[in-house]
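Inside the fold
Spelled out from the first residue to the last, the chains are:
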Amino acid sequence: MKTILNIISRIVGVIASVELPSFLQKQINICFVKYLNIDLQDFDNVESYSSIQRLFTRYLKKQRNFPIDPDVLISPTDSTIAQYGTLKNNTILQVKGLSYDLRSFLTSSIDIQESKKIEDGKFVNFYLSPKDYHHFHAPVDFRIQKIVHVPGTLMSVKKISLEKNKDLYIKNERVILECFFKKSLFYFVVIGAFNVGKIKIFKEPRLQTNTSKNKNCVIYDYSSPINIQKGEDLGFFEMGSSVVLLFEKENVEFRHDMKIGQEILFGDNFAKFSEKLQ
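Now for a look at the structure at hand. (Residues numbered from 1 in each chain as written. Predicted model: local features only at pLDDT ≥ 70, side-chain atom pairs only at ≥ 80, totals over all residues. Heavy atoms only, no water.)

Looking only at helices and strands, the chain features 7 helices and 16 strands. In terms of overall size, the chain behaves like a compact globule, its C-alpha atoms giving a radius of gyration of 18 Å where 278 residues would be expected to give roughly 19 Å. Taken over the C-alpha atoms alone, the chain extends approximately 55 × 40 × 40 Å along its principal axes. In the chain, which comprises 278 residues, the share counted as buried stands at 52%. When contacts within the chain are restricted to residue pairs at least 6 apart in sequence, long-range pairs at least 24 apart make up 77% of them. (Helix = DSSP H or I, 4+ residues; strand = E, 2+ residues; numbered from the N terminus. Rg over C-alpha atoms; globule rule 2.2 N^0.38 Å. Buried < 20%, exposed > 50% of the residue type's maximum accessible area, 1.4 Å probe, protein only. Contact = heavy atoms within 4.5 Å.)

What follows concerns a nonpolar patch on the surface. On the surface, a nonpolar cluster with roughly 370 Å² of combined accessible area is contributed by Val18, Leu20, Phe23 and Leu24. Checked against the element boundaries, Val18 lands in the loop between α1 (4-16) and α2 (22-36). Since its relative accessible area comes to 42%, Val18 is described here as partly exposed. (Patch = residues over 30% accessible without salt bridge, like charges linked within 9 Å, V, L, I, M, F, W, Y side chains within 5 Å. Areas by Shrake-Rupley, 256 points an atom, 1.4 Å probe, with all protein chains shown as cover. Salt bridge = Lys/Arg side-chain N within 4 Å of Asp/Glu carboxyl O.)

A few words now on the sheet that holds strand β12 (residues 233-237). Judged by pairing direction, the sheet is antiparallel, and its 3 strands sit side by side in the order β6-β12-β10 without closing on themselves. Among the strands making up the open sheet, the edge pair consists of β6 (135-137) and β10 (199-201). Neighbour-to-neighbour, the strand axes of this sheet turn through a mean angle of 20°, independent of strand direction. Relative to β12, β10 runs antiparallel, the two sharing 3 bridges. Residue pairing in the sheet places Ile201 in a bridge with Gly235 of β12. (Pairing = 2+ DSSP bridges. Axes fitted to C-alpha atoms, helices over the stretch in contact; angles between N-to-C directions.)

What follows deals with the pattern of salt bridges. Using the criterion set out here, one finds 10 salt bridges in the structure. A salt bridge links Arg64 to Asp78; its shortest N-O distance comes to 2.9 Å. Within this pair, whereas Arg64 is found in the loop between α3 (52-56) and β1 (72-74), its partner Asp78 is found in the loop between β1 and β2 (79-86), the two being separated by 14 residues in sequence. There is no split in this pair, since Arg64 and Asp78 are both buried. Lys117 is the partner of Glu114 in a salt bridge, and the nearest nitrogen-oxygen pair spans 3.4 Å. Among the residues examined, Glu114 registers a relative accessible area of 18% and is labelled buried. You can call Lys117 partly exposed: its relative accessible area is 35%. Residues participating in the shared-partner salt-bridge network are Asp42, Arg64 and Asp78.

By themselves, these observations are geometric and do not establish any function.
Below you can see the structure in the form of structure tokens.
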């Protein structure tokens, strides 16, 4: 399902990618940084970005430190923890009072026997606001077995929109990474949102989101899994959005001090895989 939101987002993307004369672009960048309260401490300085799009998709300049324990999961993003917890009746909590169906979220492009492994499992939702660093990274060492591109609309994923729109994450465009840590399955789902709406996955250059041509799910299935290292840069949003991680039952324990609404940085520890996994 696509809407006028997709068209508007593509137009915004074109405008944001326009490169103006450097003196003018610098002033525009400064305005955005001040208005959105963007922290550039770990990034290039404000005049380094030749367009608004370059500013929003900025790369880290300073390396982030994170726990070397292979079982410890690190935050894939600079973001806010929008929700986390345990799946109930095969549904994932969107906001208080609203949940969405696990199977519909993963779609029929994911084998039902695989998606069943997530039933009664754990989930966490990271919300990236416009001020946040827009790249997403690997939370652990893992293997990508499959990538699924699910076309859809591009509604805002801000809390006020989540409260008003039932099944928003099912309706929005998204990219699903089917991942394995040792023998444990988990899903890394990046969700498109209003304004630009594009998602870049470095390991799959064929994937193009928010285009007028995309109408059906596209599956990228790998005979040889793609090996990913913890902390590796997986891709980016061209505007803030959300990342949802889904884990098998009893395979992950969240930090006891983690809270909904908590700000978290890429590299921060948020959970740990069970020591029983081999």
